[in-house]
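# Results of the structural survey
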Amino acid sequence: MSSRRDHPLWQLTLARWRIFSREPSTMFWTYGFPLLLTLALGVAFRNRPPEPVDVAVVMGSGAEQVRSELAGHADLHVLVLDARGAAEALRIGRVDVVVEPGAVRTYRFDPTRPESRIARAVVDDTLQRAEGRRDPTATANQLVTEPGSRYIDFLVPGLLGFGLMSSGLWGVGYLLVEMRTRKLIKRLRATPMRKPHFLMSFVLMRAFFLLGELPLLLGFAYFVFDVPVRGSIALLGLVAVLGSLVFAGMGLLVSSRAQNVQTVGGLINLLLLPMSVCSGVFFSYTRFPASVQPVIRALPLTALIDAMRAIMIEGASLAAIALPIAILVVWGVIAFSAALALFRWQ
């Protein structure tokens, strides 16, 4: 038993834990910040009643009739303005659509604004119904607000992936270079250990931190926002561990030759910022041009988030997420192999 406790890998991993537990700021950024970010974005993008549509009616013949017909709709806020005032209100976004009464009713709206296009459809439907139009086929509305279709359900897997990436890059890469600048690595080199043991101790600590990160954020999202996990929690945990190891390996890679914290900080941001924007953390990467989407899907953060969203929202099985897992494995092998080959003690 004593031989196992004296093993370099065990002692190095234990040292990583002691360093981590003695830094309150590190504890906050690992466990506290993801919860605060989830709470803020969950409240900001919570399900709310439909916003009223702001409509301007141009003064003139028929304006009062149009105003009265629209005023009967609870979701419409109607203003009667002169032509110049209506144009200015539309330009600055005070109203979503302008109605100009006449023999041919004219709608002025901005087609690049989704709310303006929706306002045009709502206003036209209201006016035509007031004039006696009837639907040719009977219809009914069924409103869907169940968990899984909300923005917060889309957001939580993205925040999980973002947290794993940032913790892996900063918690491994930055710390390793800081130890190098303080000559700590040079001292450790004199001990009976091998380079793989030293580097693997950082990776094992990242996997250990995940035991707290994943349940904490998932539990918070479930109890505060009722975010479901439709698939296997065990499979979700395995994917999270794989993602954590991949980004820990990338953290080792960016720190393998960096001589100071400024250099490694720049390298980490070079990896972190593009993936934070492109990989679907806060919005779907399908908004980007189709020509670049294959490149985006090949990024490790995209693969991690896609797999976690598929498990949480769709209840996907292991076979259904085989491609994202394969992408993560390839990135992990490349990162660890390159880090072992390039790492320098000083």
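Residues numbered from 1 in each chain as written. Predicted model: local features only at pLDDT ≥ 70, side-chain atom pairs only at ≥ 80, totals over all residues. Heavy atoms only, no water.

## Some details on the side chain of Ser-276
Note the following rule: The secondary structure listing takes helices from DSSP runs of H or I that are at least 4 residues long and strands from runs of E that are at least 2 residues long, numbered from the N terminus. Here a polar contact is recorded for every N or O atom pair within 3.5 Å, except that within protein the pair must consist of a potential hydrogen donor and a potential acceptor, and residues adjacent in sequence are included only if both atoms are side-chain atoms. The contact rule is simple, with two residues in contact once any of their heavy atoms fall within 4.5 Å.
With respect to the helices and strands, Ser-276 occurs in helix H11 (residues 261-278). Only 2.6 Å separates the side chain of Ser-276 from the backbone oxygen of Leu-272, close enough to count as a polar contact. Ignoring anything within four residues of it in the chain, the contact list for Ser-276 reads Phe-162, Met-165, Val-281 and Leu-301.

## Observations concerning a nonpolar patch on the surface
Keep this limit in mind: Every patch collects residues that have over 30% relative accessible area and no salt bridge, joining them within 9 Å if they carry like charges and within 5 Å if they are nonpolar side chains (Val, Leu, Ile, Met, Phe, Trp, Tyr). Using the Shrake-Rupley algorithm and a 1.4 Å probe, accessible areas are obtained, with residue cover drawn only from the displayed protein chains. By definition, a salt bridge exists where a carboxyl oxygen of Asp or Glu is found within 4 Å of a side-chain nitrogen of Lys or Arg. For every residue, the accessible area (1.4 Å probe, protein chains only) is compared with the maximum for its type, and the residue is labelled buried under 20%, exposed over 50%, or partly exposed between those bounds.
Taken together, the side chains of Tyr-222, Phe-223 and Val-224 define a hydrophobic patch exposed on the protein surface, amounting to about 360 Å² of accessible area. As for its placement among the helices and strands, Val-224 is situated in helix H9 (residues 195-225). Accessibility expressed as a relative area gives 42% for Val-224, which makes it partly exposed.

## Focus: the pattern of salt bridges
Enumeration over the complete set of coordinates arrives at 6 salt bridges. Across the salt bridge formed by Arg-91 and Glu-88, the nearest N and O atoms sit 2.6 Å from each other. Here Glu-88 and Arg-91 lie together in helix H5 (residues 83-91), a separation of 3 residues that amounts to about one turn. According to the relative accessible area criterion, Arg-91 is exposed, its value standing at 61%. Assessed through its relative accessible area of 36%, Glu-88 is described here as partly exposed. Here Glu-131 makes a salt bridge to Arg-105, at a shortest N to O gap of 2.7 Å. On the criterion of sequence distance, the pair formed by Glu-131 in the loop between helix H6 (114-130) and helix H7 (151-181) and Arg-105 in the loop between strand S3 (97-100) and strand S4 (106-108) is long-range, its members being 26 residues apart.

## With respect to the side chain of Asp-124
Secondary-structure assignment places Asp-124 in helix H6. A distance of 2.8 Å separates polar atoms of two side chains, one belonging to Asp-124 and the other to Tyr-107. Setting aside chain neighbours within four positions, we find Asp-124 in contact with Arg-105 and Tyr-107.

## Comments concerning the packing of H7 against H11
What counts, and what does not: Geometry is summarised by axes, namely lines fitted to C-alpha atoms with helices restricted to the contacting stretch, and by angles between N-to-C directions that run from 0 to 180 degrees. Roughly parallel means an angle under 35 degrees; roughly antiparallel, over 145; roughly perpendicular, 65 to 115; everything else is oblique.
For the pair H7 and H11, the least separation of the axes is 9 Å and the interaxial angle reads 170 degrees. As judged from the angle between their axes, H7 and H11 are roughly antiparallel. Within the contact between the two elements, H7 uses Phe-162, Met-165, Ser-166, Leu-169, Trp-170, Gly-173, Tyr-174, Val-177, Glu-178 and Thr-181 and H11 uses Val-261, Val-264, Gly-265, Ile-268, Asn-269, Leu-271, Leu-272, Met-275 and Ser-276.

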